[in-house]
Amino acid sequence: MLLSVVIPFYHVEKYIGACLALAGRLEACELLLVDDCGTDASAQIAADFCKAHDHARVIRRERNGGLSAARNTGLAQAAGEYVYFLDSD
């Protein structure tokens with residue numbers, strides 16, 4: 001795999017749908033959706049997206065750590081030669 005796209009999310013239920021609609025067009029890459037332990041519907045939206053896209057998966061952090069920690073979580077699990085960080089909002 002050439003490209004991994006890391007999408008951290010936390011309390012972005014109003015925006016994550018549009019972000020994932022754009023990211024879903026990137027079929028030749030790995031999509032890593034990093035859940036930073038929000039309490040809104042973002043995690044369910046991400047899970048539903050992953051059901052329809054085999055190249056996407058959700059990684060849930062054990063506790064909230066902020067944007068940098070979420071990005072580092074995605075980076076640690078990325079399989080691509082290159083990594084792109086896409087903000088969910």
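Residues numbered from 1 in each chain as written. Predicted model: local features only at pLDDT ≥ 70, side-chain atom pairs only at ≥ 80, totals over all residues. Heavy atoms only, no water.

*Asks:* Explain the side chain of D35 here, please?
*Replies:* Structurally, D35 can be placed in strand 2 (residues 30–35). A polar contact of 2.7 Å, which involves the side chain of D35, links it to the side chain of R60. The contacts of D35, once residues within four sequence positions are left out, are F9, A43, V58, I59, R60 and R61. (Helix = DSSP H or I, 4+ residues; strand = E, 2+ residues; numbered from the N terminus. Polar contact = N/O pair within 3.5 Å; in protein donor to acceptor, adjacent residues only side chain to side chain. Contact = heavy atoms within 4.5 Å.)

*Asks:* What's the story with helix 3 (residues 67–77) in this structure? I'm lost.
*Replies:* One full turn of an α-helix is made of 3.6 residues, so residues set three or four places apart face in the same direction. Taken together, the buried positions of helix 3 are occupied by A70, T73 and G74. Taken around the axis of helix 3, the buried residues stretch over an arc of 95°, which confines them to a single face. Residues of helix 3 that are exposed and point more than 90 degrees away from the buried face comprise S68 and A76. On its buried face, helix 3 sits against strand 1 (3–9), strand 2 and strand 3 (56–60). (Buried < 20%, exposed > 50% of the residue type's maximum accessible area, 1.4 Å probe, protein only. Arc of directions from axis to C-beta.)

*Asks:* Whenever I open this one, the nonpolar core confuses me. Can you help?
*Replies:* A general tendency of soluble globular proteins is for nonpolar side chains to be buried together. I7, L31, L33 and F49 are the most contacted members of the largest nonpolar core, which has 16 residues in total. A total of four residues in this core trace back to one element, the largest contributor, which is helix 1 (residues 16–23). Ignoring sequence-local partners within four residues, the contact set of F49 consists of L20, G24, L31, L33 and A56. V6, L32, V34 and A70 belong to the second-largest nonpolar core, a separate cluster that totals five residues. (Core = buried A, V, L, I, M, F, W, Y, C linked by side-chain atoms within 4.5 Å.)

*Asks:* Would you mind going over the side chain of R61 with me for this structure?
*Replies:* Along the chain, R61 turns up in the loop between strand 3 and helix 3. Within the structure, R61 has its side chain in polar contact with the side chain of D36 (distance 3.0 Å). Ignoring sequence-local partners within four residues, the contact set of R61 consists of V34, D35, D36, C37, A69, A70 and T73.

*Asks:* I would appreciate a short explanation of the sheet that holds strand 2 in the present structure.
*Replies:* Sheet strands pair via backbone hydrogen bonds, and the direction of the pair is either parallel or antiparallel. Taken in spatial order, the four strands of this open sheet run 3-2-1-4, and their pairing is parallel. Of all strands in the sheet, those bounded by a partner on one side alone are strand 3 and strand 4 (82–85). For this sheet, the mean angle separating the axes of adjacent strands, direction not counted, is 25°. Two elements, strand 2 and strand 3, share five bridges in a ladder whose sense is parallel. Bridge pairing in strand 3 links L32 to R57. Packing against the sheet, helix 1 makes contact with strand 1 and strand 2, and its axis sits at approximately 175° to strand 1. (Pairing = 2+ DSSP bridges. Axes fitted to C-alpha atoms, helices over the stretch in contact; angles between N-to-C directions.)

*Asks:* When you look at the packing of helix 1 against helix 2 (residues 42–52) in this model, what are you seeing that I'm missing?
*Replies:* Describing two packed helices takes the angle between their axes plus the distance from one axis to the other. The geometry of helix 1 relative to helix 2 is characterised by a closest axis approach of 10 Å and an angle of 20° between their N-to-C directions. One way to sum up the angle between helix 1 and helix 2 is to call them roughly parallel. Crossing handedness for the pair helix 1 and helix 2: right-handed. Seen from helix 1, the contacting residues are I16, G17 and L20; seen from helix 2, they are S42, I45, A46 and F49. When grouped by side-chain class, the residues that make up the contact of helix 1 with helix 2 number five nonpolar, two polar and no charged. (Parallel < 35°, antiparallel > 145°, perpendicular 65-115°, else oblique. Left-handed = near helix turned anticlockwise from the far one by under 90°. Nonpolar A, V, L, I, M, F, W, Y, C, P; charged D, E, K, R; others polar.)

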